[in-house]
Structures are given as structure tokens and as C-alpha cells.
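Listed below, chain by chain, are the residues.
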Amino acid sequence: GMEEVYLGGWMAVRALFTGCYPALGHLLQNHYSARFSAHQGACSAILSPRLLRHHHTATQPQQKRISEIFGRPDVPASKLVAQLVQKLPGVPKDHEDVGVSMEELEKFAGWMFETHGERLNRLSPRKFE
């Protein structure tokens, strides 16, 4: 049931303990939530697949485990988590769903890098540029 979907998503994201999650994910989600008044659950749904995709090369062994847990070892973990998020009822799935335009997102990304770039890169297995 629905409880298993949430549990599976939580387990998949937690499996990626590579130094980029939960610390990096949580840092980004806190600022995203505060900036755009988005619920933390929405932040996880929106940002987790993107963080996985960004860090795919640097965290390939960990992400392979996530794909194996889903029973689809040849499918990227970011895609599997994004597909899981798509099935969650009532959860925003994209920036537009919480009213964030690409222009606002670009400003936010620039601000995050300017104000927290060193910390972001310290927490990240693949550096942000």
C-alpha cells in the first residue's frame, strides 16, 4: 500500500549515504523550503532525483545499490526515485508545482553557491561549479 511506497522512497534515499545525503540534501532543502515556502516533503520530492542525477558519476556504487533495491539494476537511481515521486499523491513533483520559475531557481542556485558554495562542495562528492 501507500505506506510501503513511502517506506521504499525513504530507504532508497537513505541508502545514498555518500557524504552528499542527508547532509547536502538537507542543507539545500532547508534553504529551498525557506526561500519558496515549500514543505520539506515537497523539497525532498523535487530535489532528491536531481541530486542523485548530479552525483551519479561520483556515487555510482551507492546508486547502483539503490537501483538493485528497486529490482532494476540497469536503471539509474535518479530515474527510479523520480518515478517513485510521480506516484506519491498530493506531493509536488517539480519546481513549477510549488510556484518556482526557472528565473527564481537560477537566482536561488547562484545565491546558494555564493553564500554556501564552500560548504556545498565540502559535503558533495561531485563539486558544484
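Since the structure is predicted, the reported quantities are computational estimates derived from the model, not experimental observations.

Trainee: Is there a simple way to think about the pattern of salt bridges in this case?
Mentor: Where charged atoms of side chains with opposite charge meet at close range, the side chains can pair. On inspection of all chains with the given rule, the structure shows 4 salt bridges. Arg 50 is the salt-bridge partner of Asp 94, the closest N and O atoms lying 2.7 Å from each other. Taken together, the residues Asp 94 in the loop between helix H5 (77-86) and helix H6 (102-123) and Arg 50 in helix H3 (residues 40-54) connect sequence positions 44 residues apart. Notably, a salt bridge pairs Arg 122 with Glu 118, separated by 3.7 Å at the nearest N-O pair. Highlighted residues: Arg 122 and Glu 118, both in helix H6, separated by 4 residues, approximately one helical turn. The burial state of Arg 122 is the same as that of Glu 118; both residues are exposed.

Trainee: Can you help me understand the packing of aromatic side chains in this one?
Mentor: Two measures describe an aromatic ring pair: the distance that separates the ring centres and the angle between the ring planes. Scanning the entire structure with this criterion turns up 4 aromatic pairs. An angle of 65° between the planes, with centres 5.0 Å apart, marks the rings of Tyr 32 and Phe 36 as edge-to-face. Of this pair, Tyr 32 and Phe 36 are both found in helix H2 (residues 23-36), 4 residues apart, which corresponds to roughly one turn of the helix. On the basis of relative accessible area, Tyr 32 is assigned to the buried category, the value being 0%. Judged by centre distance (5.4 Å) and plane angle (65°), the ring pair of Phe 36 and Phe 108 falls under edge-to-face. Of this pair, Phe 36 sits in helix H2 while Phe 108 sits in helix H6, placing them 72 residues apart in sequence. Each member of the pair, Phe 36 together with Phe 108, is buried. Chaining the aromatic ring pairs together yields one cluster made of Tyr 32, Phe 36, Phe 108 and Trp 111. It is Arg 35 that lies over the ring of Trp 111; its NZ or CZ is 5.5 Å from the centre.

Calculation notes
- Residues numbered from 1 in each chain as written.
- Predicted model: local features only at pLDDT ≥ 70, side-chain atom pairs only at ≥ 80, totals over all residues.
- Heavy atoms only, no water.
- Salt bridge = Lys/Arg side-chain N within 4 Å of Asp/Glu carboxyl O.
- Helix = DSSP H or I, 4+ residues; strand = E, 2+ residues; numbered from the N terminus.
- Buried < 20%, exposed > 50% of the residue type's maximum accessible area, 1.4 Å probe, protein only.
- Phe/Tyr/Trp six-rings, centres within 6.5 Å; stacked < 30°, edge-to-face > 60°.
- Lys NZ or Arg CZ within 6 Å of the ring centre and 35° of its normal.

Geometric descriptors of this kind do not, in isolation, establish any biological role.
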